[in-house]
Amino acid sequence: MKLNRRRFLKYAAASSAVATAGALFPGASFGSWQKLKNNSGIISWQKAPCRFCGTGCGVLIGVSDGRAVAVKGDPNCSVNKGLCCMKGYHSVQALYAKDRITTAKIRKNGEMVEVPIKEALDLIADKIKKTMEKHGKDSVAIYGSGQWTIPDGYVASKLFKGCLGTNNVEANARLCMASAVTGFMTSFGIDEPMGCYEDMDHANVFITWGNNMAEMHPVLFSRMLANRKRRNNVTIIDFATRSTRTSQAADKSILFRPQTDLAVANAICYEIIKNDWVNWDFVNEHVSFHKGKTNIGYGTQDHFAFKDKAESIDFEEYKRFLEDYTPEKVEKISGVSAKNIKYMAALYGDPDLKVTSFWCMGMNQHTRGTWINNLVYNIHLLVGKISTPGNSPFSLTGQPSACGTVREVGTLTHKLPHGVVMNEHHRKMAAEIWDVPLENIDPKPTYHTVEMFRALDRGDIKFIWIQVTNPMVTMPNLRRYRDGALKDDRFVVVSDVYPTPTTDVADVILPAAMWVEQEGMFGNSERRTQHFAEIVKPPGEAMSDTWQIIEVARRLGFEKQFPWSQDEYIGKIWEEYRKFHAGPKHEMAPYTVLKKRSGVQWPFVDGKETRWRFNAKYDPACTNGKDFDFYGKKNHRAWIWARPYEPAAEFPDGEYNFWLNTGRVIEHWHTGSMTRRIPVLHNAVPHSYVEINPEDAAELGVVNGEMVKIISRRGEVTMPASIRGRGVPPRGMVFVPFFDESYLINEVTLDAFCPISKQPDYKKCAVRLEKA
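Note that the coordinates shown come from a computational prediction; the quantities given were computed from them, not determined experimentally.

Colleague: Just checking my understanding: could you explain the packing of aromatic side chains for this structure?
Modeller: Any two aromatic rings considered together are summarised by their centre-to-centre distance and by the angle between their planes. Under the criterion given, the structure shown has 34 aromatic pairs. Taking the centre distance of 6.3 Å and the plane angle of 45° together, the rings of Phe184 and Phe188 count as tilted. Linking Phe184 with Phe188, this pair stays in helix α5 (residues 178–188), spanning four residues, or about one helical turn. One aromatic cluster in this structure is built from Phe184, Phe188, Phe282, Trp359, Tyr377, Phe614, Phe628, Phe630 and Tyr631. Geometry around Trp45 places Lys72 over its ring, the cationic atom sitting 4.2 Å from the centre. Positioned above the aromatic ring of Phe735, the side-chain terminus of Arg242 is 3.5 Å from the ring centre.

Colleague: Please explain the UniProt feature "binding site: [4Fe-4S] cluster" (unreviewed entry) in the protein chain as it appears in this structure.
Modeller: Mapped onto the present numbering, the UniProt feature "binding site: [4Fe-4S] cluster" (unreviewed entry) falls at Cys50, Cys53, Cys57 and Cys85. Across 36 residues in sequence, these annotated residues keep their C-alpha atoms within 10.6 Å of one another, forming a single compact spot. As for its placement among the helices and strands, Cys53 is situated in the loop between β1 (44–49) and β2 (58–64). Taking relative accessible area as the criterion, Cys53 reaches 12% and is therefore assigned buried. Here Cys57 lies in the loop between β1 and β2. A relative accessible area of 9% places Cys57 in the buried class. What Cys57 contacts, discounting residues up to four positions off in sequence, is Ala48, Pro49, Cys50, Cys77, Val79, Asn80, Leu83 and Val219.

Colleague: What is the right way to read the nonpolar core from this model?
Modeller: Buried together is how nonpolar side chains tend to be arranged in soluble globular proteins. By size, the foremost hydrophobic cluster in this structure holds 93 residues, and its most contacted members are Phe188, Trp209, Ile268, Tyr318, Leu381, Ile464 and Phe630. Counting residues per element, this core draws most heavily on helix α9 (residues 261–274), at 10 residues. When neighbours within four sequence positions are excluded, Leu381 is seen to be in contact with Phe188, Phe282, Val283, Val287, Ile386, Phe630, Ala638, Trp639 and Ile640. Formed by 64 residues, the second largest nonpolar core is a distinct cluster that contains Ala68, Cys84, Met200 and Leu396.

Colleague: Please explain empty space enclosed by the protein as it appears in this structure.
Modeller: Take a probe with the size of a water molecule and roll it over the atoms, and the empty space left behind shows itself. Counted according to the given criterion, the structure contains six cavities of 30 Å³ or more. In this structure, the largest cavity occupies an estimated 600 Å³ of space. Taken together, 36 residues make up the lining of the largest cavity; nearest its centre are Met361, Gly362, Gln365, Thr662 and Lys763. Grouping the amino acids of the lining of the largest cavity by side-chain chemistry returns 14 nonpolar, 17 polar and five charged. Reported here for the second largest cavity is a volume of approximately 280 Å³. As for the second largest cavity, its lining consists of 24 residues, of which Arg51, Gln147, Val468, Asp496 and Met674 are closest to the centre. Taken together, the residues that form the lining of the second largest cavity break down as nine nonpolar, 11 polar and four charged.

Colleague: How do you make sense of the sheet that holds strand β9 (residues 235–240) when you look at a structure like this?
Modeller: Strand pairs in the sheet, formed through backbone hydrogen bonds, run parallel or antiparallel to each other. Read across the sheet, five strands follow the order β10-β9-β8-β13-β14 without closing on themselves; strand pairing throughout is parallel. Because the sheet does not close on itself, it has two edges, and the strands there are β10 (252–255) and β14 (392–395). Looking at each pair of strands side by side, their axes are set apart by 15° on average, direction ignored. Of the strand pairs in this sheet, β9 and β10 are connected by four bridges, and their pairing is parallel.

Colleague: Help me understand the sheet that holds strand β15 (residues 463–467) in this model?
Modeller: Pairing is mixed across the open sheet formed by seven strands, whose spatial order is β5-β4-β17-β16-β15-β6-β7. Every other strand in the sheet has two partners, leaving β5 (111–115) and β7 (169–171) as the edge strands with one partner each. Taken pair by pair, the neighbouring strands of this sheet meet at an average axis angle of 20°, ignoring direction. Sheet analysis places strand β6 (residues 140–144) next to β7, joined by three bridges and oriented parallel. By the bridge assignment for β7, Ile142 is matched with Val169.

Colleague: Looking at this structure, I do not really get the pattern of salt bridges. What am I missing?
Modeller: It is possible for side chains of opposite charge to pair when their charged atoms get near one another. All told, the structure shown has 55 salt bridges when counted by the stated rule. When the shortest N-O distance is used, the salt bridge between Lys137 and Asp138 registers 3.5 Å. Of the charged contacts, one joins Arg223 and Asp201 as a salt bridge, the two residues approaching to 2.8 Å between their closest N and O atoms. Of this pair, Arg223 sits in helix α7 (residues 218–230) while Asp201 sits in the loop between α5 and β8 (205–209); the two residues are 22 residues apart in sequence, bridging distant segments of the chain. When its relative accessible area of 12% is taken as the criterion, Arg223 is described as buried.

Colleague: Is there a simple way to explain helix α13 (residues 338–349) in this structure?
Modeller: Structural remark: α-helix, 3.6 residues per turn; residues separated by three or four positions point the same way. Look at α13: 16 Å from first C-alpha to last across 12 residues, which is about the 16 Å you get at 1.5 Å a residue. Every buried residue of α13 is accounted for by Ala338, Asn340, Ile341, Met344, Ala345, Leu347, Tyr348 and Gly349.

Colleague: When you look at the environment of Tyr591 in this model, what are you seeing that I'm missing?
Modeller: With respect to the helices and strands, Tyr591 occurs in helix α23 (residues 591–596). Looking at Tyr591, the relative accessible area reads 16%, which means it is buried. For the pair Tyr591 and Gly56, spaced 535 residues apart in sequence, the C-alpha to C-alpha distance is 18 Å. In contact with Tyr591, not counting residues within four places along its chain, are Glu519, Met521, His531, Ile570, Gly571, Trp574 and Glu575. There is a polar contact of 2.4 Å between the side chain of Tyr591 and the side chain of Glu519.

Colleague: Is there a simple way to explain α9 in this structure?
Modeller: End to end, α9 covers 20 Å across 14 residues, agreeing with the expected 20 Å (1.5 Å per residue, within 8%). Judged by how many residues are buried, α9 sits mostly within the fold: 13 of 14 residues are covered. Of the residues trailing α9, Asp276 is marked for its positive phi of about 55°.

Colleague: What am I meant to see in the pairing of strand β28 (residues 733–737) here?
Modeller: The two faces of the sheet receive side chains in turn, since in a regular strand these alternate between them. Along β28, five of the five residues are buried, which leaves the element largely enclosed by surrounding structure. Across the two faces of β28 the burial is the same, with Met733, Phe735 and Pro737 and Val734 and Val736 all buried. With five bridges joining them, strand β24 (residues 658–663) and β28 adopt parallel strand pairing. Along β28, the bridge assignment pairs Trp659 with Met733.

Colleague: What's the story with the packing of α5 against helix α15 (residues 369–383) in this structure? I'm lost.
Modeller: Working note: a packed helix pair is described by the angle between its axes plus the distance between those axes. Relative orientation of the contacting elements α5 and α15 amounts to 50°, with a least axis distance of 8 Å. Relative to α15, α5 is oriented oblique. Remark: the crossing between α5 and α15 carries right-handed chirality. The segment α5 lies against α15, with Ser179, Ala180, Thr182, Gly183, Phe184, Thr186, Ser187 and Phe188 engaging Gly369, Thr370, Asn373, Asn374, Tyr377 and Leu381. Residues belonging to the contact of α5 with α15 are distributed by class as follows: five nonpolar, nine polar and no charged.

Colleague: Looking at this model, I keep getting lost on the environment of Cys53. Mind explaining?
Modeller: On a C-alpha basis, the gap between Cys53 and His290 in space is 34 Å, while along the polypeptide they are 237 residues apart. Contact partners of Cys53, with chain neighbours within four places excluded, come to Met216, His217, Gly398, Gln399, Pro400 and Trp669.

Definitions and limits used
Residues numbered from 1 in each chain as written. Predicted model: local features only at pLDDT ≥ 70, side-chain atom pairs only at ≥ 80, totals over all residues. Heavy atoms only, no water. Phe/Tyr/Trp six-rings, centres within 6.5 Å; stacked < 30°, edge-to-face > 60°. Helix = DSSP H or I, 4+ residues; strand = E, 2+ residues; numbered from the N terminus. Lys NZ or Arg CZ within 6 Å of the ring centre and 35° of its normal. UniProt positions renumbered as here; feature names shortened; annotations may be inferred. Buried < 20%, exposed > 50% of the residue type's maximum accessible area, 1.4 Å probe, protein only. Contact = heavy atoms within 4.5 Å. Core = buried A, V, L, I, M, F, W, Y, C linked by side-chain atoms within 4.5 Å. 1 Å grid on protein atoms, 1.4 Å probe; cavity = no way out; pocket = protein on both sides within 12 Å on 5 of 7 lines; lining within 4 Å. Points joined across faces, edges and corners; volume = space filled by probe spheres on them. Nonpolar A, V, L, I, M, F, W, Y, C, P; charged D, E, K, R; others polar. Pairing = 2+ DSSP bridges. Axes fitted to C-alpha atoms, helices over the stretch in contact; angles between N-to-C directions. Salt bridge = Lys/Arg side-chain N within 4 Å of Asp/Glu carboxyl O. Expected span 1.5 Å × (residues − 1). Polar contact = N/O pair within 3.5 Å; in protein donor to acceptor, adjacent residues only side chain to side chain. Parallel < 35°, antiparallel > 145°, perpendicular 65-115°, else oblique. Left-handed = near helix turned anticlockwise from the far one by under 90°.

The structure is reproduced here in structure tokens:
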């Protein structure tokens, strides 16, 4: 059945309502929502970005008597134009579940005891100081997320990298979009998409690469459907490893075997060249060809190290490389028919069609994540369909500020707010702006996320502060890292809003202000910075993560670097941070502008936003006198890479004969710690499940809802089966949403990662099934 926008939204709402009616009443901790008493009925509205996902929908928060009571889409926000998804409309309910953390706690004699927050902050500062004195500066770490506000991430980086002198700063965005970053850096020398959401209003063809947009980015997907209904020349292709709601709505669904997207992308390039669909004017002026190392490993062992080495090649060598990827050869590898490969190549190759490619975790959570990003850019570059309205390779993000806080602020071990720690010029800039000695900033990166938790397990890291994320649910090969965090001489601080499996391993818990209980900024997938004010007061002693870090920094003696008062600190931090990005390539909007608008895209130059980068017609940073200027690279050209197909780190065999794929559902945000406390969302999908192909289920003798044991070399989990549900995997694959802490599927997954981006692959490992 083909879905249009109206039917899609109606179907999604109806599914939730039916599920709600049929669900059991939620437990004590989840899904509570109390009626207001003696309310005045007067509602005032203030703007904010939505708290969930990286789309960056603008919302209006309705406040009555100091409490957030309603949400509606912001019609002034160009992202969503007044529309929200089900998570957005119910988002404020996540503020008020009855088990909200409102006081600080310290573990004493094995029990968590409530204490004044001052005592907890004193203890944290003391632990950092004594740990560094005894074990060195790299024995302490901070781990945040793409849900950090921009000020949160900025002060974390300033304290740990600038003041304490350790590069032990990471964020969970390493788990969801690091491959997108390294893909951009290797192809263009600069991060973040060249296009914007407006591309959807111009494109004729949308190809979603392993991306279930209908559930993960529903507002953007509905905009795609609206364009197909309004115009008669729009086609949607779903290219994926399992059938989903996106498949149902697409004009064509093409399934491929896990990991073989690498081979298919190369086959598309082979066809483009074979049929002379290359845009030679563009390629000759703006592209160069390169290759890197091959057989690069999977990072499954501690201290794994890899460094790529780029070599220039010419077009003829690249063409010879592609001869291994004829559609007929790739059909045998991928399961995608040669006919369908040629069909996709023809869409990209047709000069009369504008093509936008979307992807997210499916490509990024991949042991060759950087490579597959490169390969999709190759396709767009060969045909010159890039940096113009409707022609856009577009990497979406999954968290509200994965771009703003992690990629732009640089809260990764090798990064600074501008540039990298390895570059002396970049360190000098940071030292000057931060007012710290240059030698404070270590030129050597330390641990990426997986290696950071391995270091905690080994004892190389003794102290870790975790803010706004839930790694004791999300880390792959989870059992090792949870056991490591629980070792006797480790000290774990967790700042959060609700109890989670991560607060379970904490020695100190700090109550955090959530979203509109604080002022801050997010940065979304299309380079848009979005400011929000403190709209309601945080409960109890909860305070923003930014202010928690400032309090600890001052206790450690860094009052000079963190001098701001509580009524001005966000604006002061923003204006200090803006200095890192001065100039036409990345100029950020002033604080006063951000406060007025529902979001501002960067580069923001002379009062104007830049919608398409690298295109001289739109981008003031272009200086080479040509139509396009890929100024991130020294040769001012985008790089096409010869990247081969290589198999996954682990694949089905005689003992473990199924692929395991993990992901999300539309109702729940990541680990569900907030959305499972929203009644309508919790009741719609009250627990996780394992999707099984109907024929595989019949062979196992399993019917819908029966318990199934999923076993890997690392662990096992038993959970209910879903057969012919919203998603249907092909034979030999199972899929599990990871939002439910009752079913820790990451005890089963493998901590293999892309050697370039260091991002783990949550989409592929080998398991076997048993009827429980």
